[in-house]
Each structure stands twice: as C-alpha cells, then as structure tokens.
Amino acid sequence: QKEVEQDPGPLSVPEGAIVSLNCTYSNSAFQYFMWYRQYSRKGPELLMYTYSSGNKEDGRFTAQVDKSSKYISLFIRDSQPSDSATYLCAMGDTGRRALTFGSGTRLQVQP
Amino acid sequence: SAVISQKPSRDICQRGTSLTIQCQVDSQVTMMFWYRQQPGQSLTLIATANQGSEATYESGFVIDKFPISRPNLTFSTLTVSNMSPEDSSIYLCSARRGQGNTEAFFGQGTRLTVV
C-alpha cells in the first residue's frame with residue numbers, strides 16, 4: 001500500500017465548476033500538507049501549504065485537512081481554463097528530509 | 001520562496017553517453033533533492049544531495065548510474081551515466097530551506113530523450 005493515494009483522473013469539468021481534489025494517507029507521522037500545481041512541461045509550483053486540521057483559504061483555493069481520517073482535499077471555486085494542470089498532494093514529517101508525493105490528478109477545465 | 005535554475009532544459013542524447021544536469025538555487029538551502037518524473041507520472045525521488053559528502057540514494061538508484069555532487073549550499077549536479085532509452089524522462093531538482101514544516105521548491109526540469 002502506498003503511503004499517499006491520489007486519484008489520477010483525468011478530471012474534466014466545465015468552466016465555473018467547483019473542483020474537489022483528494023488524497024488519503026496512511027502514515028500518522030505526516031504533520032504538514034501541501035498542494036502543488038504542475039503545468040505541462042514545467043516544474044511543480046507550490047499552491048497551498050497547511051499543517052493543521054481544518055480549512056485554509058487563498059483566493060479561489062481552499063485546502064482542507066482531516067488528520068483523524070487521514071484525508072486532505074483541495075477545492076477550486078469558479079474554475080478557469082488556466083487551472084488546467086496536474087495537481088500533486090505532498091506530505092512531510094520531521095523525520096524525513098524529502099516530501100512524499102501523491103501520484104497527481106490531471107485536471108482539464110473546459111471553456 | 002527560492003528560485004531554482006536548472007539546465008539544460010532539454011537534451012537529446014545518444015545511448016551510452018552521459019549528461020550532467022546543473023541546479024542553481026538563488027539562496028542558501030539546507031536540503032537539495034533530485035527527482036525523476038516519467039510522462040504522466042508522479043515524482044520519484046532519486047537521491048538527496050548532501051553538501052560536502054556523498055549523496056543518499058533511494059532504493060533502485062545507485063551512485064555509479066546517477067553520480068551527484070553538491071559542493072556548496074546553492075549548487076548541485078546530477079549526472080545520468082551510460083544512458084539507455086529507459087533513462088528518457090524529466091529530471092527535477094528540488095530544494096528545502098530546512099527540515100520540519102518547510103515547503104519544497106522545484107526547478108523547471110530537464111527533459112531528457114535518449115536515442
């Protein structure tokens with residue numbers, strides 16, 4: 001079983017839709033959680049970062065963490081064609097130097 | 001945040017040859033990493049580049065195939081040696097300022113094609 005599971009998609013939604021991207025994890029040691037966005041032929045860029053259970057909002061993006069269920073989500077409101085990318089969840093703990101990444105979800109927002 | 005410059009951005013190489021990828025960070029960082037990403041796949045950690053000492057390799061990756069240098073806190077190189085078509089992939093450099101709750105930054109990647 002992988003430490004981090006992420007639905008690979010692809011996910012196709014119409015412009016303006018609310019998008020929900022999800023990851024589950026099995027390692028209780030994970031303490032901080034990130035979402036990266038990766039456009040085609042580019043490196044991943046940090047989108048959201050949180051280290052506590054609950055919601056964190058940044059513009060159209062909301063990151064949600066439920067440590068008791070070992071479940072994290074990224075919500076995108078009013079999705080735009082420019083949001084079309086692969087979204088990677090990532091997690092870390094104090095015991096490891098490298099983050100652990102999910103497999104990525106490919107999102108396509110149709111105009 | 002940190003800006004990571006990686007070069008070359010892409011290359012086409014003959015099998016049996018070697019390619020060295022350079023990674024330059026615009027500020028001092030504690031940790032640097034090298035990842036491989038197959039098309040449509042997630043990131044696979046190759047190794048952690050340790051400043052002034054041998055890199056720490058993940059299972060399935062060896063120093064003879066992927067020698068890594070990190071002479072200081074802002075620069076690292078990854079060499080892909082004796083290349084075969086199976087080495088065709090995107091190679092990504094990443095850095096973190098410290099352990100604990102710090103995010104990782106990435107370079108733009110090197111798209112390698114071995115023919």
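This one's a predicted model, so the numbers in the text were calculated from it and none came from an experiment.

Caption draft 1: Main features of the overall build of chain B. Within chain B, the secondary structure is distributed over zero helices and 11 strands. Tracing chain B from N to C terminus, the helices and strands come up as β-β-β-β-β-β-β-β-β-β-β. If one aligns the C-alpha atoms of chain B with their principal axes, the spans along those axes are about 40 × 25 × 20 Å. Taking all 115 residues of chain B together, the buried fraction comes to 51%. Put simply, of all contacts in chain B between residues at least 6 apart along the chain, 54% involve residues at least 24 apart. When the 9 positive and 8 negative side-chain charges of chain B are each reduced to one mean point, those points stand 6 Å apart.

Caption draft 2: Fine view of the interface of chain B and chain A. Listed as interface residues are 23 residues of chain B and, on the opposing side, 21 residues of chain A. Both faces considered, chain B and chain A share a buried interface measuring about 1800 Å² in area, 50% of it formed by carbon and sulfur atoms. Our count for the contact surface shared by chain B and chain A stands at zero salt bridges. Going through the elements one at a time, β4 (31–37), β5 (43–49), β9 (89–96) and β10 (104–106) of chain B are the ones with two or more residues in the side of chain B that touches chain A.

Caption draft 3: How the structure looks around the pattern of salt bridges. Residue and element names in this part refer to chain B. Going through the model one piece at a time under the given rule, you end up with four salt bridges over all chains. Lys65 is the salt-bridge partner of Asp87, the closest N and O atoms lying 2.6 Å from each other. Placement of the pair is Asp87 in the loop between β8 (75–80) and β9 and Lys65 in the loop between β6 (56–57) and β7 (68–72), with a sequence separation of 22 residues.

Caption draft 4: Structural context of the side chain of Thr50(A). Tracing the chain through its elements places Thr50(A) in strand β5 (residues 45–50). The contact partners of Thr50(A), leaving out residues within four places of it in the chain, are Tyr32(A), Phe33(A), Lys56(A) and Val65(A).

Rules of the game
- Residues numbered from 1 in each chain as written.
- Chains lettered and ligands numbered in written order.
- Predicted model: local features only at pLDDT ≥ 70, side-chain atom pairs only at ≥ 80, totals over all residues.
- Heavy atoms only, no water.
- Helix = DSSP H or I, 4+ residues; strand = E, 2+ residues; numbered from the N terminus.
- Buried < 20%, exposed > 50% of the residue type's maximum accessible area, 1.4 Å probe, protein only.
- Contact = heavy atoms within 4.5 Å.
- Lys, Arg positive; Asp, Glu negative; His and termini not counted.
- Charge placed at Lys NZ, Arg CZ, Asp CG, Glu CD.
- Buried area = accessible area lost by both parts, 1.4 Å probe.
- Salt bridge = Lys/Arg side-chain N within 4 Å of Asp/Glu carboxyl O.

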